[in-house]
Amino acid sequence: MMLNTLVFFHSIVRWAVLGTLLYSIYRSYTGYAQKLTFTKSDNSLRHWTATTAHIQLMLGIVLYTQSPNARFSLQATGDNGQLTQPFFFGVLHLLLMVSAIVIITIGSAMAKRKAIDSDKFKTMLVWFVVALLVILIAIPWPFSPLAQRPYLRSF
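Thresholds, definitions, all that
- Residues numbered from 1 in each chain as written.
- Predicted model: local features only at pLDDT ≥ 70, side-chain atom pairs only at ≥ 80, totals over all residues.
- Heavy atoms only, no water.
- pLDDT = per-residue confidence, 0-100.
- Helix = DSSP H or I, 4+ residues; strand = E, 2+ residues; numbered from the N terminus.
- Salt bridge = Lys/Arg side-chain N within 4 Å of Asp/Glu carboxyl O.
- Buried < 20%, exposed > 50% of the residue type's maximum accessible area, 1.4 Å probe, protein only.
- Core = buried A, V, L, I, M, F, W, Y, C linked by side-chain atoms within 4.5 Å.
- Contact = heavy atoms within 4.5 Å.
- Phe/Tyr/Trp six-rings, centres within 6.5 Å; stacked < 30°, edge-to-face > 60°.
- Axes fitted to C-alpha atoms, helices over the stretch in contact; angles between N-to-C directions.
- Parallel < 35°, antiparallel > 145°, perpendicular 65-115°, else oblique.
- Left-handed = near helix turned anticlockwise from the far one by under 90°.
- Nonpolar A, V, L, I, M, F, W, Y, C, P; charged D, E, K, R; others polar.

### Describing the confidence of the model for the protein
- This prediction gives the protein a mean pLDDT of 87; 81% of its residues lie at or above 70.
- Ranking the helices and strands of the protein by mean pLDDT puts helix H5 (residues 117–138) first, with 96, and helix H3 (residues 68–71) last, with 64.

So this is what it looks like as structure tokens:
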């Protein structure tokens, strides 16, 4: 029951991470392209994007400790030489997602410390786009050749 609950919340928060990240990228691009002022709302969005990613990381770490896929992650390949789902979740997904959250954290911290508004927007834009690309690769989409999961998991 606990595993199903963790999977459900990890699945829900994924959409919150993607939503805040996409909106942050949109605001960063707009702010940088139109030379807008970096407002309190932009700063809050930067902060909540990183916070949402960190919440997802914590859920993921707890899920990782409970998941049977992680226990068998050292079985790197199946009989036909292809990567197995336990390897995907136990190694690839973990490394890529932690990397993406580190990228978001660094980008958020660097943007926060910039003095010029356009530099804040540009820093967020670059770092958050890179993180988004890593996340999109690491998500087990229903169409992924490595591991498939539905768009939304239920209990």
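Having seen it, we continue.
### Some thoughts on the pattern of salt bridges
- Taken as a whole and assessed by the stated rule, the structure comprises one salt bridge.
- Across the pair Asp42 and Arg27 runs a salt bridge whose closest N-O atoms are separated by 2.9 Å. Taken together, the residues Asp42 in helix H2 (residues 40–66) and Arg27 in helix H1 (residues 2–33) connect sequence positions 15 residues apart. An identical accessibility class is assigned to Asp42 and Arg27; each is buried.

### Observations concerning unusual backbone geometry
- With phi around 55°, Lys35 is a residue other than glycine that occupies positive phi space.
- Within the secondary structure, Lys35 is located in the loop between H1 and H2.

### What to know about the nonpolar core
- Counting 29 residues, the largest nonpolar core has Leu18, Leu21, Ile25, Ile104, Phe128, Ile135 and Ile139 as its most contacted members.
- The element contributing the most residues to this core is H5, with nine residues.
- Sequence-distant contacts of Ile25, that is, excluding residues within four places in its chain, are made with Leu125, Phe128, Val129 and Leu132.

### Here we look at the packing of aromatic side chains
- Inspection of the entire model under this criterion finds three aromatic pairs.
- With a centroid separation of 5.3 Å and an interplanar angle of 70°, the aromatic rings of Phe8 and Phe9 are classed as edge-to-face.

### So, the packing of H1 against H2
- Where H1 meets H2, the axes come as close as 9 Å, and the angle between the chain directions of the two elements is 155°. Here H2 runs roughly antiparallel to H1, going by the angle between their axes. Crossing hand, H1 versus H2: left-handed.
- Broken down by class, the residue content of the contact of H1 with H2 amounts to 16 nonpolar, eight polar and three charged.

### Some remarks on the environment of Phe121
- With respect to the element layout, Phe121 can be found in helix H5.
- Filtering out sequence-adjacent residues up to four positions away, Phe121 remains in contact with Arg27, Ser28, Gly31, Tyr32, Leu36, Thr37, Phe38 and Asp42.

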